[in-house]
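Structural characterization, general
Spelled out from the first residue to the last, the chains are:
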Amino acid sequence: MFDQLLFPTDGSDGASAAFEHVLDVAAAHDATVHVLNVVDTAGDALRRIDAGVVDDLERQGEQLVSETAAAAETRDLDTETVVVRGTPYERIVDYANAEGIDLIAMATHGLRGLERFLLGSTTERVVRRADVPVLTIRPNEDARIEYPYRNVLVPTDGSDCAGEALTAGIEVVTDGDATLHLLSVIDTMALGADVRTEMQMGSLEDSANRIVDDAAELAAGRGVDAPVTAVEYGSSIANTIRSYVDDHGIDLVVVGTHGRTGFGRYLLGSVTEKLVRRSPVPVLTVREPAE
């Protein structure tokens, strides 16, 4: 499923912790691991310093990718290392496109610390722009990072983007013999008090059940054995998904980068942003192909 795996790293503790999980995934697929370090020359500070300092940062990057690749090679994995200059998220996406990368794997925060996490960060921009799936790993003390995945959750709202996530989730499940969970959440806060009649709630529940049943039928047709389906109400879709993750021992969440709220709402205040930001387990984000 994944032959070429890209791991961008800045040498932070978060990136180092995430790399162990990346190696597990790469080893399972006998993937080549591309280790990339980007010397950020786009910031105002670097524009004001001399070329010698940038050269020094590049040498540090060379040492970092070499040491990181050495850890992969102890597990008999092929590696490629590269250090480039530029804007980190742009160079990461460009490299993935140029080298035929199947999966980008990143920690959700790095040198800037948790307070900078995702808002304006490299990870957020990569998830937003990458054409290939992005595996985000939150290296916090409360994170649960297990491999191989035994329970994979695909939240779905029936959108085309959710369909792309379902396809990716099916591939993960069939490749690793895991259980597929399909969840549709009815957002009670979005309904408003004036529409919460029994008839209207029943109609929404029927629609949600059709969504997960159709997804389960598709999954079964592609070789998934007995998908688990669920419909739940919640005042926060992201929190309801996280509760499901905790209650059902989920190891991986697979989600589209935008759904019915449209691309303009993607990440900023969206369900996906909240999941990537707070999920205790890795999140695989899948972008709907451009028309």
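Think of each chain on its own: its residues are numbered from 1, step by step along the sequence as written. At least 70 in pLDDT is required for a residue's local features to be given in this predicted model, at least 80 for side-chain atom pairs to be given and counted, and no such filter applies to totals for whole chains, interfaces and linings, which use all residues. The side-chain figures draw on all heavy atoms in the structure; neither hydrogens nor water molecules are used.

**Considerations on the overall build of the chain**
Note the threshold: Only runs of H or I of at least four residues qualify as helices and only runs of E of at least two qualify as strands under DSSP, and these elements are numbered from the N terminus. Each residue is assigned to one of three classes by its accessible area relative to the maximum for its type, calculated with a 1.4 Å probe on protein chains only: buried under 20%, partly exposed between the two thresholds, exposed over 50%. Note on contacts: a residue pair qualifies if any of its non-hydrogen atoms lie within 4.5 Å across the two residues. Here, Shrake-Rupley sampling with a 1.4 Å probe gives the accessible areas, and only protein chains in the shown set may cover a residue.
In terms of helices and strands, the chain carries 10 helices and 10 strands. When burial is assessed residue by residue, the chain has 48% of its 291 residues classed as buried. Across the chain, the fraction of contacts at a sequence separation of at least 24, relative to all contacts at a separation of at least 6, is 79%. Element-wise, carbon and sulfur atoms account for 45% of the exposed surface of the chain, whose accessible area totals about 13800 Å².

**Things to note about the packing of helix α9 (residues 237-247) against helix α10 (residues 271-278)**
Quick note on the threshold: To obtain each axis, a line is fitted to C-alpha atoms, and for helices this fit is confined to the stretch in contact; angles are then taken between N-to-C directions over 0 to 180 degrees. Roughly parallel means an angle under 35 degrees; roughly antiparallel means over 145; roughly perpendicular covers 65 to 115; every other angle is labelled oblique. Handedness of a crossing is defined here by the sense of rotation of the near helix relative to the far one, left-handed for an anticlockwise turn of less than a right angle and right-handed for a clockwise turn. Throughout this entry, Asp, Glu, Lys and Arg are counted as charged residues, while Ala, Val, Leu, Ile, Met, Phe, Trp, Tyr, Cys and Pro are counted as nonpolar. The remaining residues, Gly among them, count as polar.
Contact geometry for α9 and α10: axes closest at 9 Å, N-to-C directions at 40°. Taken together, the axis directions place α9 and α10 in an arrangement best described as oblique. By crossing handedness, the relation of α9 to α10 is classed as right-handed. The segment α9 lies against α10, with I237, A238, I241 and R242 engaging V271, K274, L275 and R278. Taken together, the residues of the contact of α9 with α10 sort by class into five nonpolar, no polar and three charged.

**Quick notes on the nonpolar core**
Applied cut-off: In these notes, a set of buried Ala, Val, Leu, Ile, Met, Phe, Trp, Tyr and Cys residues joined through side-chain atoms within 4.5 Å is what counts as a nonpolar core.
Core analysis: the biggest nonpolar cluster contains 45 residues, and L5, L135, V152, L180, L252 and V254 have the highest contact counts within it. Among all residues touching L5, those that are not within four sequence positions of it are V22, V25, A26, A31, T32, V33, H34, I101, L103 and A105.

**Let's talk about the environment of D94**
If you trace the backbone, D94 turns up in helix α4 (residues 88-98). With a relative accessible area of 44%, D94 lands in the partly exposed category. Each C-alpha atom of the pair D94 and A130 lies 8.8 Å from the other, and the pair is 36 residues apart in sequence.

**Side note on α4**
For the α-helix, the turn length of 3.6 residues means that residues three or four positions removed from each other point alike. Note the following rule: Here, the arc refers to the directions that run from the helix axis to the C-beta atoms.
Residues of α4 that are buried include every one of P88, Y89, I92, V93, Y95 and A96, and no others. One side of α4 holds all its buried residues, which, seen down the axis, span an arc of 160°. Buried residues belonging to α4 abut β1 (4-8), β2 (32-40), β3 (79-86), β4 (103-107) and α5 (122-129). Just downstream of α4 lies G100, where phi reads positive at about 65°.

**Describing the confidence of the model for the chain**
We apply this condition: The predictor attaches a confidence to each residue, called pLDDT, with possible values from 0 through 100.
The pLDDT averaged across the chain works out to 86; a share of 84% of its residues lies at or above 70. Counting contacts from residues 110-120, a segment whose pLDDT is below 50, to residues more than four positions away or on other chains yields 22 contacts. Confidence drops under pLDDT 50 across residues 259-269; counting only partners more than four residues distant or on other chains, this segment forms 22 contacts.

**What about helix α1 (residues 13-29)?**
To keep things clear, this is the line we draw: Between the first and last residue of a helix there are one fewer steps than residues, each counted as 1.5 Å, and that sum is the expected span. Note on bend: at a given residue it equals the angle between the axes fitted to the 7 residues ending there and to the 7 starting there.
For α1, spanning 17 residues, the distance from its first C-alpha to its last is 25 Å, which sits close to the expected 24 Å at 1.5 Å a residue. A bend of about 25° at F19 is the largest found in α1. When α1 is considered as a whole, its buried residues turn out to be G14, A15, A18, F19, H21, V22, L23, V25, A26 and H29. One or two positions beyond α1, positive phi appears at D30, with a value near 50°.

**Structural notes on unusual backbone geometry**
Along the chain, Y147 connects to P148 via a cis peptide bond; the corresponding omega equals 5°. Unlike most non-glycine residues, D30 shows phi in positive territory, near 50°. On the secondary structure map, D30 appears in the loop between α1 and β2. Unlike most non-glycine residues, D177 shows phi in positive territory, near 60°. Positionally, D177 belongs in the loop between α6 (160-176) and β7 (179-187).

**Section: the side chain of H21**
Counting through the fold element by element, H21 comes out in helix α1. Those residues in contact with H21 that sit more than four places away from it in its chain are L135, I137, I145, E146, Y147, Y149 and P282.

**Describing the pattern of salt bridges**
For the record, the criterion: When a carboxyl oxygen of Asp or Glu lies within 4 Å of a side-chain nitrogen of Lys or Arg, that pair is called a salt bridge.
Per the counting criterion, the structure on display carries eight salt bridges. E58 serves as the salt-bridge partner of R85, at 3.1 Å between the closest nitrogen and oxygen. One end of the pair, R85, is in strand β3; the other, E58, is in helix α3 (residues 51-73), with 27 residues separating them in the sequence. R85 gets classed as partly exposed once you look at its relative accessible area, which sits at 32%. We note a salt bridge from E124 to R128, for which the minimum N-O separation is 2.8 Å. Residue E124 and its partner R128 are located together in helix α5, separated by four residues, close to a single helical turn. Judged by its relative accessible area of 18%, R128 falls in the buried class. One network of salt bridges, in which partners are shared, links D55, E58 and R85.

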